[in-house]
Amino acid sequence: MEMLEWIPVEQAGQIETVCELAREIWTDRYLGAYGSMELDYLLRTWQSPGAVRRQIDGGHMEYRLICYDGAEVGYAGLREKEDALWVYHAYIRGEYHGNRTVTGMLELIERECAARGLARVYAVVDRKNSRALDYCERLGLHLLERRTWEAGPDFPMELCVFEMKIRK
C-alpha cells in the first residue's frame, strides 16, 4: 500500500481542505438520501470553516486529514469521551475506495486508540450511508444502538452507533 498519512487539522488551510472534502464527499454520498436544502444545511451548520473551527477550539471534535500517497483523500472527526474514541466522521473520496485506503484509515484509528490507551471505538454512522453500514457489518462491528438526532429544525437523522474493540 502507498503511504497513508493521518494529519492533525489545526491550520485554517487544513480546515478549508476538510470542508472542501466534506462538500465533495457528502454531495456524492448523501444527495440522493437528503434533498439539496437539507444537505446544504448540514454542510453549512457542521462542516463549514467557522463550524469546524468552533468544534476544534471548543474541544468538541478533533479532525484529521487523510492523505494517500501525498493526496488529500479524506478526513476524520474524532472525540475522546467515556474512555473511548468516538468517530463521528470518517470519509474517503469515492475514487479511492477499493485500494485499501478505507482499511488503512481503520488501522490509523486503531493506532490512535492504542496511543491514547483506549480499548474501544464507537463509530457513529448515518442510517442513510449504506456503504458505511455495509462496511461496518462486513468488519463484524457490533451495532450498539440506533439514535435519532435533531440535526436542525424538523430535520431528524437516524444514526447507528457501532462498537469496535481494539486489539492490544
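Now for a description of the structure that goes with this document. Predicted, not measured: the structure shown is a model, and the values here were computed from it. (Residues numbered from 1 in each chain as written. Predicted model: local features only at pLDDT ≥ 70, side-chain atom pairs only at ≥ 80, totals over all residues. Heavy atoms only, no water.)

With respect to the side chain of Thr17
And step 1. Within the element layout of this structure, Thr17 appears in helix H1 (residues 12–30).
And step 2. At a separation of 3.0 Å, a polar atom in the side chain of Thr17 contacts the main-chain carbonyl oxygen of Gly13.
And step 3. Setting aside residues up to four positions removed in sequence, Thr17 forms contacts with Leu65 and Glu72. (Helix = DSSP H or I, 4+ residues; strand = E, 2+ residues; numbered from the N terminus. Polar contact = N/O pair within 3.5 Å; in protein donor to acceptor, adjacent residues only side chain to side chain. Contact = heavy atoms within 4.5 Å.)

Some words on the nonpolar core
And step 1. Ranked by size, the top nonpolar core spans 29 residues in total, and within it Trp6, Ile66, Ile92, Ile109, Val121 and Phe162 carry the most contacts.
And step 2. Tyr30, Val52, Ile56 and Phe155 belong to the second largest nonpolar core, which has 23 residues in total. (Core = buried A, V, L, I, M, F, W, Y, C linked by side-chain atoms within 4.5 Å. Buried < 20%, exposed > 50% of the residue type's maximum accessible area, 1.4 Å probe, protein only.)

Side note on the pattern of salt bridges
And step 1. The final tally for this structure, using the stated rule, is 14 salt bridges.
And step 2. Close ionic contact of Glu95 with Arg93 constitutes a salt bridge, the shortest N to O distance being 3.2 Å.
And step 3. On the accessibility criterion, Glu95 (52% relative accessible area) is exposed.
And step 4. Measuring nitrogen to oxygen at the nearest pair gives 3.6 Å for the salt bridge that ties Arg146 to Glu158. Taken together, the residues Arg146 in strand E6 (residues 142–152) and Glu158 in strand E7 (residues 155–165) connect sequence positions 12 residues apart.
And step 5. Assessed through its relative accessible area of 34%, Glu158 is described here as partly exposed.
And step 6. In the salt-bridge network here, residues are joined through shared partners; they are Glu62, Arg64, Glu80, Glu112 and Arg116. (Salt bridge = Lys/Arg side-chain N within 4 Å of Asp/Glu carboxyl O.)

Re the pairing of strand E3 (residues 71–81)
And step 1. Pairing analysis gives seven bridges linking strand E2 (residues 62–68) to E3, with the strands arranged antiparallel. Paired with Tyr63 across the bridge in E3 is Gly77.
And step 2. The turn joining E2 and E3, which pair antiparallel and follow one another in sequence, is formed by two residues; a positive phi near 50° is taken by Asp69.
And step 3. Pairing of E3 with strand E4 (residues 84–92) involves eight bridges; the strand directions are antiparallel. By the bridge assignment for E4, Gly74 is matched with Ile92. (Pairing = 2+ DSSP bridges.)

As for the side chain of Glu110
And step 1. With respect to the helices and strands, the residue Glu110 is situated in helix H4 (residues 101–116).
And step 2. Note on Glu110: relative accessible area 14%, which makes it buried.
And step 3. In this structure, Glu110 is in contact with Met164, Ile166 and Arg167, ignoring residues within four places of it in sequence.

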